[in-house]
Every structure is written in C-alpha cells, then in structure tokens.
Amino acid sequence: EAMQAAASKRAAARTEKDGQNVKSSVMVSLLTGALAGGLGTLVTTPMDVVKTRLMVSPHLYNGYLSAVFITFEEEGFGAFMKGAIPRLIHKMPANSVFFVLYEAVRRLLAVKT
C-alpha cells in the first residue's frame, strides 16, 4: 500500500507539472505568435502598400520602383506604413491562435522536432 500511495503521489505530481508545462507552453506560443505576426506585418506592410497602389492606380506608375519613388517623394516614409495598425490588429491575434493550435496538434500527434 505504501508503494501504491507513493506511485500515486508521483503520478499526481507529474500531472500537475505537465499541466504547468502546458500552460507555460500556451503562453509562450501566444507571445511568440503575436511577435511573429507583428514583425511580419511591419516588414511586409511597405511592400503591400506599393502593391496595392499598383493595383488600384496602375496608370500612375511605370512599375514597382516607380511606385516606390513616387510614393516616397509625394508622401514621405510614413506612406509606406499606411494600414499597419489594422493589419497588426488582425495578424497578431491570428498568429497567436495559429501557434497555439499548431503546438497542440504537434503534441497530440506526438511529433518530435
């Protein structure tokens, strides 16, 4: 009985530790996902602005570099970050959820890295 009680106690401690690890893992995944989404958005927003301008008003530009130079000359650097806040509001939570679900599925399928 003493051995059974000790084994039971170890199993409970392991479960509690695993539960803490899962909670910690979820927080790390949430933060990592938000950071990745935020950085990705900040890096790609200028390219997205130029692409959108080329699609909406192709007659104003002679190509990608033309759109970059004209945008900078007429509106300055800030023009390349237009729309960054709404994109951040969308991408940061979306990437957080994706990272958490990705890690959960990896854990469920016992995929090792």
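A quick note: this is a predicted structure, and the numbers were derived from the prediction, not measured.

(A) Up close: the overall build of the chain. Helices and strands together make up the secondary structure of the chain, namely 3 helices and 0 strands. The order of helices and strands in the chain, counted from the N terminus, is α-α-α. Across the 113 residues that make up the chain, the buried fraction comes to 20%. Residue pairs in contact within the chain that sit at least 24 positions apart in sequence constitute 66% of those at least 6 positions apart. Of the roughly 8400 Å² that the chain leaves accessible, carbon and sulfur atoms contribute 69%.

(B) Molecular detail of the environment of Val68. Residue position: Val68 is located in helix α2 (residues 64-75). Residue classification places Val68 among the partly exposed residues on the basis of a relative accessible area of 23%. Those residues in contact with Val68 that sit more than four places away from it in its chain are Val50 and Phe80.

(C) Spotlight on the pattern of salt bridges. Summed over all chains, the structure comprises 4 salt bridges. Lys51 is paired through a salt bridge with Asp48; the nearest N and O atoms lie 3.2 Å apart. Of this pair, Lys51 and Asp48 are both found in helix α1 (residues 2-56), 3 residues apart, which corresponds to roughly one turn of the helix. Here Asp48 falls in the partly exposed class, since its relative accessible area comes to 28%. Beyond isolated ion pairs, a larger network of salt bridges with shared partners links Arg53, Glu75 and Lys82.

(D) Looking closely at α2. In a regular helix each residue adds 1.5 Å, so 12 residues correspond to 16 Å; α2 covers 16 Å between its end C-alpha atoms and thus fits that length. Looking one or two places after α2, you find Gly76, whose phi comes out positive at around 80°.

(E) Broad picture of helix α3 (residues 84-108). Here α3 contains 25 residues, and its C-alpha end-to-end distance of 35 Å stays within 8% of the 36 Å for a straight helix at 1.5 Å per residue. Those residues of α3 that fall on the buried side of the exposure criterion are Ala84, Leu88, Ser96, Val100 and Arg106. Positive backbone phi, at 55°, marks Ala110, one or two positions downstream of α3.

Reading the values: rules and limits
Residues numbered from 1 in each chain as written. Predicted model: local features only at pLDDT ≥ 70, side-chain atom pairs only at ≥ 80, totals over all residues. Heavy atoms only, no water. Helix = DSSP H or I, 4+ residues; strand = E, 2+ residues; numbered from the N terminus. Buried < 20%, exposed > 50% of the residue type's maximum accessible area, 1.4 Å probe, protein only. Contact = heavy atoms within 4.5 Å. Areas by Shrake-Rupley, 256 points an atom, 1.4 Å probe, with all protein chains shown as cover. Salt bridge = Lys/Arg side-chain N within 4 Å of Asp/Glu carboxyl O. Expected span 1.5 Å × (residues − 1).

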